[in-house]
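The residues making up each chain are set out below.
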Amino acid sequence: MVETRHQTRLLTLLRDDGPMSRVELGERLELPRARVGAEVARLAEVGLVEAAGPSASRGGRRSTLVRLAGELRVLAVDVGATSVGVAVTDASCEVLAHAVEDCDVRQGPHPVLRRVAELAAKVRDEAPGRLIAAGVGLPGPVSFAEGMAVAPPIMPGWDRFNVRDHLGGLWGCPVAVDNDVNAMALGERHAGVARSTDDLMFVKIGTGIGCGIVLGGKVYRGVAGTAGDIGHIRLDDFGPTCACGEVGCLEAYFGGAALARDGLALARSGRSAHLAEAAAERGAVTARDVGRAAAAGDSGAVNLIRDGGRRLGQVIASLVCFINPGMVVIGGGVAQLGHQLLAEVRSAVYRRSLPLATGNLPIVLSELGETAGVIGAAWSATDRAFTLSS
Ligand SMILES: [Zn+2]
């Protein structure tokens, strides 16, 4: 689809900074005007860009703005541990339609990807157009180069299942597969609270805990794609057992699954009337129940969040020392615990990190919430679509 490196840069610039005139494109890309004209003409011919009306006059002849073609569509998929979300966006990653459903990732790739395909058909009906790429976030370690999850602890049946080829065959477009937390970090970096931040950490607290690391504006994935897997940093050699089979991991203390476990124990101990009520109603307690009980002033629930936030804060403090990010963003379902959690994390980080590292360090909640993952997945997808295919 894309034929030259100049076209890649041109399409990326239009995605990132919106419509602009040929003169402006030439200045930003440092290309002669004739070259820009030729590349734009070629991209218009294959339907990737189009005219967008006259630009504001800068004296002299008014020129026409160029923009990404309005009919271009990107599918963005966010597979979580207990839900799937599918969005369709335009080529600038603006969400046009979005559907989210409960879905247990442990069912394995075939049933889950069948749900994904159904949801994709639904959102594409709502915002029809020409599909150019798809992006997928998965809740486990992902080999970005191969487009598959590798030995994911909470995804039985997914190990080395080629999600990229499976969906690419179905949709007939290039597919980028990434870890869900990396996708969320990219979403916040490009369209959320971290818009102007090149170096950031996005900490996701869902069923488990992970961290997306953006350095110099790019996701840092490590050699095998497992960078940022902070949920399994060991805090105590004699701690509780973790889903990964080890003991004392951060995730075994905090996160959705740990909160549900501790909340149920609290309910049974008779030390929390709110949680006892939730347990009596449904036979189980969720992280959301703990959040609601804490918001209602239940002291047992408040303590669970405080303890968890303090442990999470300890880990984040170490990472801040190591990476020196410009911002820490906290997101994921359990981030709905909100300000109580944030206060605990902030106090642990500010107390334990060097003043130079934290002097100008915002620690904030995700701005995009549920759409962070799909916007980031769309971003990776357009990167793939705009890259010169080898
Ligand atoms: Zn673990």
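Residues numbered from 1 in each chain as written. Predicted model: local features only at pLDDT ≥ 70, side-chain atom pairs only at ≥ 80, totals over all residues. Heavy atoms only, no water.

**Student:** Is there a simple way to think about the pattern of salt bridges in this case?
**Tutor:** Any two side chains of opposite charge can pair, given that their charged atoms come close. Counted by the stated rule, this structure contains 24 salt bridges. A salt bridge links Asp237 to Arg234, with the nearest nitrogen and oxygen atoms 3.3 Å apart. The exposure class assigned to Asp237 is partly exposed, which follows from its relative accessible area of 48%. With a shortest N-O distance of 3.2 Å, Asp289 and Arg292 are connected by a salt bridge. Residue Asp289 and its partner Arg292 are both found in helix α10 (residues 287-295); the two are separated by three residues, about one turn of the helix. (Salt bridge = Lys/Arg side-chain N within 4 Å of Asp/Glu carboxyl O. Buried < 20%, exposed > 50% of the residue type's maximum accessible area, 1.4 Å probe, protein only. Helix = DSSP H or I, 4+ residues; strand = E, 2+ residues; numbered from the N terminus.)

**Student:** Sorry, what's going on with the environment of Ala183 here?
**Tutor:** Among the structural elements, Ala183 can be located in helix α6 (residues 180-191). Sequence-wise, Ala183 and Phe202 are 19 residues apart; in three dimensions their C-alpha atoms are separated by 9.8 Å. Here Ala183 is in contact with Ala372, Gly373, Gly376 and Ala377, once residues within four sequence places are set aside. (Contact = heavy atoms within 4.5 Å.)

**Student:** Looking at this structure, how should I read the domain arrangement of the chain?
**Tutor:** Domain parsing of the chain yields domain 1 (5-68), domain 2 (72-188 + 371-386) and domain 3 (195-366). Look at where the C-alpha atoms of domain 2 and domain 3 centre, and you get two points 25 Å apart. Every contact between the two is made by 14 residues of domain 2 and, on the other side, 16 residues of domain 3. Interface of domain 2 and domain 3: buried area, both sides summed, is about 1400 Å²; carbon and sulfur atoms make up 64% of it. Ranking the residues of domain 2 by area buried against domain 3 places Val181, Asn182 and Glu188 at the top, with a combined share of 36%. Inspection of the domain 2/domain 3 interface yields two salt bridges. Among the salt bridges present, the one from Lys204 reaches Asp180, with a minimum N-O distance of 2.7 Å. If you look at where domain 2 meets domain 3, you find three residue pairs in polar contact (both at pLDDT 80 or more). Listed by contribution, the elements that provide at least two residues to the side of domain 2 that touches domain 3 are β8 (142-143) and α6. Counting residues per element, the side of domain 2 that touches domain 3 draws most heavily on α6, at seven residues. Looking at side-chain class alone, the side of domain 2 that touches domain 3 contains eight nonpolar, three polar and three charged residues. (Domains from an automatic or database assignment. Buried area = accessible area lost by both parts, 1.4 Å probe. Polar contact = N/O pair within 3.5 Å; in protein donor to acceptor, adjacent residues only side chain to side chain. Nonpolar A, V, L, I, M, F, W, Y, C, P; charged D, E, K, R; others polar.)

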